[in-house]
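Summary of structural features
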Amino acid sequence: MTSWQIAGAFSALAVLLYFYPREFLHKLRAEQGYQHFVFASVVVLSLLWSVQAGIQPGLNLHFLLLTTLVLCHGWRIAIWICLLPMLLLIAFGKLPWADAGLYALSSIILPGLFSYTLFLASYRYLTRHLFVYIFVAGFLTAALTIVLQISLTSLWFGLEGRYSWHIITNDYWLLALLIWFPEALLNGSAITLMAIYRPHWLRTFYDREYLSPER
């Protein structure tokens, strides 16, 4: 393992342990419905993440659905749920095990935190309306999150020296222009359906505030 990979592994582990959600395991054991919800989240993420496209090895694109996961479970639980799909990527040879730490930082932890921060900002500073929740916290945040994820991965591969900046920019980063809208549409659609038909699945959605007759 390189010094970058070692630093990434220790950094990711430190963040995961420091922000470990103590209520997660208790809730998972106590509520059968929540077990099914978490399992379904893992299955959906595993399927989406396994469908990858890329020109250079390691510089792969796939749907994240991270914004939806964060809005459903909260940031701390979401990053732990994402570990299982990541382990499956390693098991099936789509992700080198030595890159697990840096991958967790660039594709899970930091984008997840960014997504949750944008939700908190919209909740605090914008009108609490269903349209704001769907479009800003869902659609727009998902678009910005995947651009951030691609940018972090580009920075990682560039600073580590795996590829030249020219290759990273032309063969990877510019593809963010193609995937941001499908990612935003996927998350926006999922959040719209859940907000209307399954609002209790969204941990960050509050009926009395977003669906108040006064809005």
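These lines cover the structure that appears in this document, whether it is placed above or below.

Parameters and conventions
Residues numbered from 1 in each chain as written. Predicted model: local features only at pLDDT ≥ 70, side-chain atom pairs only at ≥ 80, totals over all residues. Heavy atoms only, no water. Helix = DSSP H or I, 4+ residues; strand = E, 2+ residues; numbered from the N terminus. Buried < 20%, exposed > 50% of the residue type's maximum accessible area, 1.4 Å probe, protein only. Lys, Arg positive; Asp, Glu negative; His and termini not counted. Salt bridge = Lys/Arg side-chain N within 4 Å of Asp/Glu carboxyl O. Contact = heavy atoms within 4.5 Å. Core = buried A, V, L, I, M, F, W, Y, C linked by side-chain atoms within 4.5 Å. Phe/Tyr/Trp six-rings, centres within 6.5 Å; stacked < 30°, edge-to-face > 60°. Lys NZ or Arg CZ within 6 Å of the ring centre and 35° of its normal.

1. Digging into the side chain of Glu183
As for its placement among the helices and strands, Glu183 is situated in helix α10 (residues 176-197). The buried charged residue Glu183 lacks any salt bridge, with Lys94 as its nearest oppositely charged partner at 16 Å. Excluding its chain neighbours within four sequence positions, the residues that come into contact with Glu183 are Phe63, Leu64, Leu65, Leu66, Ala142 and Ile146.

2. Re the nonpolar core
By size, the foremost hydrophobic cluster in this structure holds 55 residues, and its most contacted members are Trp49, Met86, Tyr103, Tyr133 and Leu202. For this core, the elements supplying multiple residues, two or more each, are α1 (3-18), α3 (32-50), α4 (66-73), α5 (75-81), α6 (83-91), α7 (100-125), α8 (130-160) and α10. Sorting elements by how many residues they give to this core places α7 first, with eight residues.

3. Observations concerning the side chain of Asn187
Within the fold, Asn187 resides in helix α10. Apart from residues lying up to four places away in sequence, Asn187 is in contact with Leu65, Leu66, Thr67, Thr68, Gly138 and Ala142.

4. Considerations on the pattern of salt bridges
Tallied over the entire structure, the rule returns four salt bridges. Of the charged contacts, one joins Glu23 and Arg76 as a salt bridge, the two residues approaching to 3.3 Å between their closest N and O atoms. Here Glu23, found in helix α2 (residues 23-30), pairs with Arg76, found in helix α5; they are 53 residues apart in sequence, far enough to count as distant. By relative accessible area, which is 30% here, Glu23 ends up partly exposed.

5. Regarding the environment of Phe39
Within the fold, Phe39 resides in helix α3. Sequence separation between Phe39 and Ile81 is 42 residues; the distance between their C-alpha atoms is 9.0 Å.

6. Thoughts on the packing of aromatic side chains
Counting across every chain of the model gives 17 aromatic pairs. Three or more aromatic residues joined by ring pairs form one cluster here, namely Tyr116, Phe119, Tyr123, Tyr133, Phe205 and Tyr206. Between Arg162 and the ring centre of Phe157, over which it is positioned, the NZ or CZ distance is 4.8 Å.

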